[in-house]
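Residue-level structure breakdown
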Amino acid sequence: MHKEILRSIEDIEIYPIISLLIFVLFFVGMFIWVIRVDKTYVNEMKSMPFNDEPKNESSHENV
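Residues numbered from 1 in each chain as written. Predicted model: local features only at pLDDT ≥ 70, side-chain atom pairs only at ≥ 80, totals over all residues. Heavy atoms only, no water.

1. Considering the overall build of the protein chain
Along its length, the protein chain carries three helices and zero strands. What you see in the protein chain, going N to C, is helices and strands ordered as α-α-α. As displayed, the protein chain offers around 6,600 Å² of accessible surface, 66% of which is attributable to carbon and sulfur atoms. (Helix = DSSP H or I, 4+ residues; strand = E, 2+ residues; numbered from the N terminus. Areas by Shrake-Rupley, 256 points an atom, 1.4 Å probe, with all protein chains shown as cover.)

2. Side note on unusual backbone geometry
With a phi angle near 55 degrees, aspartate 11 is a residue other than glycine that sits in the positive phi range. In this structure, aspartate 11 sits in the loop between α1 (2-8) and α2 (14-36).

3. Describing the packing of aromatic side chains
Counted according to the given criterion, the structure contains three aromatic pairs. Here the aromatic rings of phenylalanine 26 and phenylalanine 27 are separated by 5.1 Å at their centres, their planes lie at 85 degrees, and the arrangement is edge-to-face. Taken together, the aromatic side chains of Phe23, Phe26 and Phe27 make up a single cluster linked through ring pairs. (Phe/Tyr/Trp six-rings, centres within 6.5 Å; stacked < 30°, edge-to-face > 60°.)

4. Observations concerning the confidence of the model for the protein chain
When pLDDT is averaged across the protein chain, the result is 84; 84% of the residues are at 70 or more. Mean pLDDT in the protein chain bottoms out at α1, which sits at 79, and peaks at α2, which reaches 95. (pLDDT = per-residue confidence, 0-100.)

Pasting the structure below:
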């Protein structure tokens, strides 16, 4: 039943191609970002869980 419905839709073969392109472009973009990201930003994000003092002074815990 589902095959017959999908076969009756015109130009449906373009949707898998578009979704594959979006998938590939996203991961290529992420790869390029990872290669070009500033190393100081990476080190700052890497050490963030170990920082004792919170960056946000107006936290609900400090009230």
